[in-house]
Amino acid sequence: MITCRELIEFLDGYLADELSGEERTAFDEHLEVCPDCVAYMHGYEATIEMSKAALRDHETVPADVPEGLVKAILAA
């Protein structure tokens, strides 16, 4: 079984469905027994959605926001 720290390291890959079958199984098994990681993952997903919504709600992104950050948020 993976640790909480490992779960956090693989979270992006999990949400993007990029983990191998074995990694995904280990991830899911950890979530079954760790309510703290489930809460963390839900908060992470909500943050991504709020960021995307904030960018959609604005026709233009402020000039001082790094382009790399905008691309990373949209890609997530």
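A quick note: this is a predicted structure, and the numbers were derived from the prediction, not measured.

## Here we look at helix α1 (residues 4-15)
Argument step 1. Taking 1.5 Å of rise per residue, twelve residues should cover 16 Å, and α1 covers 16 Å from first to last C-alpha, within 8% of that figure.
Argument step 2. Of the positions making up α1, those classed as buried are Leu7, Leu11, Gly13 and Tyr14.
Argument step 3. Downstream of α1 by a residue or two, Asp17 has a phi angle that is positive, lying close to 60°.

## Quick notes on the confidence of the model for the chain
Argument step 1. On average, the chain scores 87 in pLDDT, and the residues at 70 or more come to 93%.
Argument step 2. Per-element mean pLDDT across the chain ranges from 80 in helix α4 (residues 67-75) up to 95 in helix α2 (residues 21-33).

## What to know about the pattern of salt bridges
Argument step 1. Applying the stated criterion across every chain, the model contains two salt bridges.
Argument step 2. The closest approach of N and O atoms between Arg24 and Asp17, which form a salt bridge, is 3.7 Å.

The rules behind the values
- Residues numbered from 1 in each chain as written.
- Predicted model: local features only at pLDDT ≥ 70, side-chain atom pairs only at ≥ 80, totals over all residues.
- Heavy atoms only, no water.
- Helix = DSSP H or I, 4+ residues; strand = E, 2+ residues; numbered from the N terminus.
- Expected span 1.5 Å × (residues − 1).
- Buried < 20%, exposed > 50% of the residue type's maximum accessible area, 1.4 Å probe, protein only.
- pLDDT = per-residue confidence, 0-100.
- Salt bridge = Lys/Arg side-chain N within 4 Å of Asp/Glu carboxyl O.

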